[in-house]
Amino acid sequence: MIRLAVLASGRGSNLQAIIDAVGRGELPVKLVLVLSDNPRAQALERARTAGIPTVVVRREDYRSRRDFNLEILRWLRRYQVDLVALAGYMRVLSPEVVRAYPNRIMNIHPSLLPAFPGLEAQRQALEYGVKVTGCTVHFVDEGVDTGPIIIQRAVPVREDDTVESLSGRILEQEHQIYPEAIRLFATGRLRVEGRRVRVLEEG
Ligand code: GRF
């Protein structure tokens, strides 16, 4: 079984979806570590409740962004992590971490990339006036929300949508596609060919 670490800064509902999928026996992974840069993250509570080891690495405890990221890398190595899932992790990983895990770090983003990268993607989509948005699971490269796309799910924008209502409907889809993307990885069904991620047939 592959060893999974989740990095989260906040609420942790995507982490919860992963924990629940593992609990139902749907994901052949061992969730070995939840790491946060925020000691108050609800994600840490969720991990403790599920009996998963947690660690907090705070940016302010390190002189440079590089040193902070090297500490994260040490934890990933200590726990012999095979796959890293960013789930509401609010910082950009430094090149040292990304290069150590090529196509082995995933992120979930609440838009149909490459539209609306960066912060507040749901607000960006509403303000732009798109009729369809959604969510994307992708591998992490050295850019921001630019890596090869694994799964996307479309969500229609309704006439009366607010940022909150739209975010809620996108989140329901996030909770389905993130465990699914991890399952595809864990069962050896993803092949990265340049920018394209090919999903192999089962069996
Ligand atoms: C999600 O919308 C995710 O797409 C984005 O940050 C949010 C995290 O939510 N990257 P949660 O912490 O998983 O509840």
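All of these numbers come straight from a predicted model, not from anything done at the bench. (Residues numbered from 1 in each chain as written. Predicted model: local features only at pLDDT ≥ 70, side-chain atom pairs only at ≥ 80, totals over all residues. Heavy atoms only, no water.)

Undergrad: What am I meant to see in the pattern of salt bridges here?
TA: Charged atoms that come close allow side chains of opposite charge to pair. All chains considered together, the criterion is met by 13 salt bridges. One salt bridge connects Asp-37 with Arg-91, and the closest N-O pair in it is separated by 2.8 Å. With Asp-37 in the loop between β2 (29–36) and α2 (42–49) and Arg-91 in the loop between β4 (83–86) and α4 (95–100), the pair connects residues that are 54 residues apart, well separated along the chain. Judged by relative accessible area, Arg-91 falls into the partly exposed class, the value being 33%. Where Glu-193 meets Arg-198, a salt bridge forms, and the shortest distance between an N and an O atom there is 3.0 Å. (Salt bridge = Lys/Arg side-chain N within 4 Å of Asp/Glu carboxyl O. Helix = DSSP H or I, 4+ residues; strand = E, 2+ residues; numbered from the N terminus. Buried < 20%, exposed > 50% of the residue type's maximum accessible area, 1.4 Å probe, protein only.)

Undergrad: Where do I start with the layout of surface pockets in this structure?
TA: Rolled over the atoms, a probe as big as a water molecule pinpoints where empty space is left. For the largest pocket, the calculated volume is near 800 Å³. Lining the largest pocket we find 33 residues, and of these Gly-88, Tyr-89, Met-90, Ile-108 and Pro-110 sit closest to its centre. Counting residues per element, the ones that place at least two in the lining of the largest pocket are α1 (13–23), β5 (105–109), α5 (121–128) and α6 (163–186). Of the residues assigned to the lining of the largest pocket, the class counts are 14 nonpolar, 13 polar and six charged. Per-domain counts for the lining of the largest pocket show at least three residues from each of domain 1 (1–101) and domain 2 (107–203). (1 Å grid on protein atoms, 1.4 Å probe; cavity = no way out; pocket = protein on both sides within 12 Å on 5 of 7 lines; lining within 4 Å. Points joined across faces, edges and corners; volume = space filled by probe spheres on them. Nonpolar A, V, L, I, M, F, W, Y, C, P; charged D, E, K, R; others polar. Domains from an automatic or database assignment.)

Undergrad: Would you explain the site of the ligand in this entry?
TA: If you check the shell around the ligand, you find Arg-11, Gly-12, Ser-13, Asn-14, Gly-88, Ile-108, His-109, Pro-110 and Glu-174 and nothing else. Here an oxygen atom of the ligand sits 2.6 Å away from a polar atom, N or O, in the side chain of Arg-11. Ile-108 is positioned such that a nitrogen or oxygen atom in its backbone is 3.0 Å from a nitrogen atom of the ligand. For the ligand, the accessible surface in isolation is 370 Å², of which the surrounding protein chains cover 86%. Judged by its atoms lying within 2 Å of the grid points, the ligand is housed in the largest pocket. (Near = heavy atom within 4 Å. Polar contact = N/O pair within 3.5 Å; in protein donor to acceptor, adjacent residues only side chain to side chain. Areas by Shrake-Rupley, 256 points an atom, 1.4 Å probe, with all protein chains shown as cover. Sits in = over half its atoms within 2 Å of the grid points.)

Undergrad: Just checking my understanding: could you explain the side chain of Asn-69 for this structure?
TA: Counting through the fold element by element, Asn-69 comes out in helix α3 (residues 65–78). Among residues more than four places away in sequence, those in contact with Asn-69 are Val-92, Leu-93, Ser-94 and Val-97. (Contact = heavy atoms within 4.5 Å.)

Undergrad: I'm lost on the environment of Arg-191 in this one. Help?
TA: Summarising the element assignment, Arg-191 is placed in strand β8 (residues 190–193). Exposure remark for Arg-191: the relative accessible area of 42% places this residue in the partly exposed category. Expressed as a C-alpha distance, the spacing of Arg-191 and Asn-103, which sit 88 residues apart in the sequence, is 9.6 Å. Residue contacts for Arg-191: discarding those within four places in its chain leaves Arg-196, Val-197, Arg-198 and Leu-200.

Undergrad: What is the right way to look at the environment of Arg-198 in this model?
TA: Structurally, the position occupied by Arg-198 is in strand β9 (residues 196–199). The class of Arg-198 is partly exposed, set by a relative accessible area of 39%. Spatially, the C-alpha atoms of Arg-198 and Ala-5 are 23 Å apart, while their sequence positions differ by 193 residues. Those residues in contact with Arg-198 that lie beyond four places of it in its chain are Arg-189, Leu-190, Arg-191 and Glu-193. Reaching out from Arg-198, the side chain makes a polar contact with the side chain of Glu-193 at a distance of 3.0 Å.

Undergrad: Teacher, can you tell me more about unusual backbone geometry here?
TA: A cis geometry characterises the amide bond from Leu-113 onward to Pro-114, with omega recorded as 10°. Mapping Pro-114 onto the fold places it in the loop between β5 and α5. The backbone phi angle of Phe-116 is positive, close to 55°, even though this residue is not glycine. Topologically, Phe-116 is positioned in the loop between β5 and α5. The class of Phe-116 is buried, set by a relative accessible area of 13%. The phi dihedral of Asp-145 falls on the positive side, at around 60°, and the residue is not glycine. Within the secondary structure, Asp-145 is located in the loop between β6 (132–139) and β7 (149–156).

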